[in-house]
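Here's the letter readout for the chains.
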Amino acid sequence: MTTSTVKRCRRSSQTAPASGDAVPGEDADVVMANDSPIHTSGSLSKRDSEEDAWASKGYNYINPFVHRVEIDSHIEVAKVYVLTVLLLPIRVVGCVLSLLSAWMFACIGLYGMTLDDLKARPLTGWRKQMQYMTAKAMRMLYTSGSFHYINMKGTPATPKQAPILVVAPHSSYVDSILVVATGPPSIVAKRETADIPLLGRIINYAQPIYVQREDPNSRQNTIKDIVDRARSTDDWPQVVIFAEGTCTNRTALIKFKPGAFYPGVPVQPVLLKYPNKYDTFTWTWDGPGVLRLLWMTMTQFYNRCEVEYLPVYQPNEAEMADANLYANNVRKVMAKALGVPTSDYSFEDVIIMSRARDMKIPFPGDIVEIERTIEQLGLLESTRDTELCELYLSLSNTDKLDIITFAELLRVDLKNPSLHKLFALLDHRRRGTVSLKSFLLCSLFSKLKNADLATFLRALVNLYSESSEKISRESFVRLMRHAGGKLNEQKAQALYFALDTANIGYVSFDSLVAYTEKQSSYKFFYHKSEHIRRSKTTKNAAGSPT
């Protein structure tokens, strides 16, 4: 947040297009107040056909991974700064004291126990009571951090009635307030969290199910542990699972991961809501960072959280046999209760968007929607983008194509609605023109995102050089920008000079491959990305109402 984090709009039809050729880079925040710009941070420059732009403004659709904090009052902004001085230090002290208290109780309760002991049997007796004390201390941490009010709705089920709590939407680090305010139940966590100073002990005391990411059998072992807990006759606490698997902005429920549903036991859906004037804690892939969110949250007088327990969901035989069907049906129930649509987006889409950002693909926040639209046009199976790459440097005015020229180049019917959708996604300034280079980068990434880096870079060569046999130093450095963040300009220059030992002024792509294949430091060129391959597009791609 700069002077005020106000209406940082990407897709609003009321927002005026940016002037000149300025394009926001990754760290740019265009901050608006009362519909007029008051400050812009970050560097604004045009580089390689908007390759640094985050997302399109021209097409409206539900993107659950984008969040903007909207504060439209100068008085509210002033309040944030005043409370930063007067209230924030007190809250920080309160949070630290609460955290230390919780850690102390956890250390007492864990005395003489190992991780294997915690995994083998549920806590009983005085250790269980100390666990409640730990949860109370953690609840005080949230109180100190401004969450004074938690409104509970519905009837919580017992562990025997519903061994698993399915929680959604998952939108923030604050969502863990459910754990400290109820029970506490167990969680599913990365094994590394056990080693976090202070918090590690507290998390251990909740008897979590740990995910061992370095173990190739981690997924199967985690599912087995969830099944064993859910079906155990021991008095285990309920297991809390955030079924979406990643944080979203609560505009839709993305696909649920099936882990909570493999046991085939009844689950209780739990809804998390934050009925506050300003949403200063939603933490998504594209949005304010965690420290900025903490600052804005802790400089509010108070924040509210609402936890709603829905009736226990009893699976039928078909759902018990098919975890994905079970997950989808529970998601529909929860989306209906929330009054939001479901979405075909999933956790894997965040991985794809992150890879697109690292590889300097235009509009990484929209790349999934762009890919779906290209697929609807039949261009994913076409070689038209490759043909246009070969012609690219011989074409004129490629940065300002109107929709008629764009349709002709793609050989797509001008009346095709998917063409207009694609054009709007690429027309991020809403000027009625698009960049051919931006389209080609998006299209080739969509096709080759699971291929190794060398294959992808070879496909891009003709965007920067007339021949793959004669790539100049400037063209080589620009091409290496798409190397997934592995090569900065200095390293790309060094690699070029290592190839051009004869100082002839150009290198070939084949010489790049021959050299890097022998160097262990460049093995990343040949590492294939393990992304989930997208199924065929459905009509509900962006968001479907329940």
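Every value quoted in this text rests on a predicted model; they were computed, and no experiment measured them. (Residues numbered from 1 in each chain as written. Predicted model: local features only at pLDDT ≥ 70, side-chain atom pairs only at ≥ 80, totals over all residues. Heavy atoms only, no water.)

Enquirer: Help me understand the overall build of the protein chain, please; the structure alone is not making it clear to me.
Expert: For the protein chain, the count of helices and strands is 20 helices and nine strands. Classification of the 546 residues of the protein chain by burial places 54% in the buried group. Entry remark: accessible area of the protein chain is about 25200 Å², with carbon and sulfur atoms responsible for 54%. (Helix = DSSP H or I, 4+ residues; strand = E, 2+ residues; numbered from the N terminus. Buried < 20%, exposed > 50% of the residue type's maximum accessible area, 1.4 Å probe, protein only. Areas by Shrake-Rupley, 256 points an atom, 1.4 Å probe, with all protein chains shown as cover.)

Enquirer: Whenever I open this one, the packing of aromatic side chains confuses me. Can you help?
Expert: Centre distance and the angle of the planes are the two values used to describe a pair of aromatic rings. Per the counting criterion, the structure on display carries 20 aromatic pairs. Aromatic side chains Phe 406 and Phe 439 sit 5.6 Å apart centroid to centroid with 90° between the ring planes, which places their arrangement in the edge-to-face category. Here Phe 406 is found in helix 14 (residues 403–410), whereas its partner Phe 439 is found in helix 16 (residues 436–448), with 33 residues between them in sequence. Assessed through its relative accessible area of 0%, Phe 406 is described here as buried. Geometrically, the ring pair formed by Phe 476 and Tyr 496 is tilted, given 5.7 Å between the ring centres and 55° between the ring planes. Within this pair, whereas Phe 476 is found in helix 18 (residues 473–480), its partner Tyr 496 is found in helix 19 (residues 489–499), the two being separated by 20 residues in sequence. Ring pairing ties together the aromatic residues Tyr 515, Tyr 522, Phe 524, Phe 525 and Tyr 526, which thus form one cluster. For the cation-ring pair, Arg 229 lies above Trp 236, with the distance from its terminal atom to the ring centre recorded as 3.9 Å. The ring of Tyr 149 is capped by Arg 304, whose NZ or CZ atom sits 4.6 Å from the centre of that ring. (Phe/Tyr/Trp six-rings, centres within 6.5 Å; stacked < 30°, edge-to-face > 60°. Lys NZ or Arg CZ within 6 Å of the ring centre and 35° of its normal.)

Enquirer: What exactly am I supposed to notice about the nonpolar core here?
Expert: General note: in soluble globular proteins, nonpolar side chains tend to be found buried as a group. Formed by 67 residues in total, the largest nonpolar core has its most connected members in Phe 406, Leu 410, Phe 439 and Phe 525. The greatest single-element share of this core, amounting to eight residues, is contributed by helix 17 (residues 453–464). What Phe 439 contacts, discounting residues up to four positions off in sequence, is Ile 374, Leu 379, Phe 406, Leu 410, Leu 422 and Leu 426. If you look at the next biggest cluster of nonpolar residues, it comprises 41 residues, including Ile 71, Leu 99, Leu 110 and Val 270. (Core = buried A, V, L, I, M, F, W, Y, C linked by side-chain atoms within 4.5 Å. Contact = heavy atoms within 4.5 Å.)

Enquirer: Help me out: how do you make sense of the side chain of Gln 207 in this one?
Expert: Within the fold, Gln 207 resides in the loop between helix 6 (199–205) and strand 6 (209–211). Of note is the side chain of Gln 207, whose polar atom sits 2.8 Å from the backbone oxygen of Leu 118. Within the structure, the side chain of Gln 207 is placed 3.3 Å from the backbone nitrogen of Leu 123, a separation counted as a polar contact. (Polar contact = N/O pair within 3.5 Å; in protein donor to acceptor, adjacent residues only side chain to side chain.)

Enquirer: Is there a simple way to think about helix 20 (residues 509–516) in this case?
Expert: Think of an α-helix as turning once every 3.6 residues; residues three or four places apart then point the same way. Listing the buried residues of helix 20 in full gives Phe 509, Leu 512, Val 513 and Thr 516. For helix 20, the buried positions fall inside an angular range of 95° around the axis, keeping them on one side. If you follow the buried residues of helix 20, they end up packed against helix 17, helix 18 and helix 19. (Arc of directions from axis to C-beta.)

Enquirer: Sorry, what's going on with the confidence of the model for the protein chain here?
Expert: Detailed reading of the predicted coordinates is not advisable wherever pLDDT is low. Summary statistics for the protein chain give a mean pLDDT of 84 and a share of 85% for residues scoring 70 or more. Predicted confidence for residues 1–58 stays below pLDDT 50, and this span has 167 contacts to residues more than four positions away or in other chains. Across residues 535–546 the pLDDT falls below 50, and counting only partners more than four positions away or on other chains, this stretch makes 29 contacts in the model. (pLDDT = per-residue confidence, 0-100.)

Enquirer: Where do I start with the sheet that holds strand 7 (residues 239–242) in this structure?
Expert: Across a sheet, strands are paired by hydrogen bonds formed along the backbone, either parallel or antiparallel in direction. Read from one edge to the other, the open sheet built from seven strands follows the order 3-9-8-4-7-5-6, with strand pairing classed as mixed. At either end of the open sheet lies a strand with only one pairing partner, and these are strand 3 (147–153) and strand 6. Looking at each pair of strands side by side, their axes are set apart by 25° on average, direction ignored. The sheet strands contacting helix 7 (residues 218–231) are strand 4 (164–168), strand 5 (186–190), strand 6 and strand 7, and the helix crosses strand 6 at an angle near 175°. (Pairing = 2+ DSSP bridges. Axes fitted to C-alpha atoms, helices over the stretch in contact; angles between N-to-C directions.)

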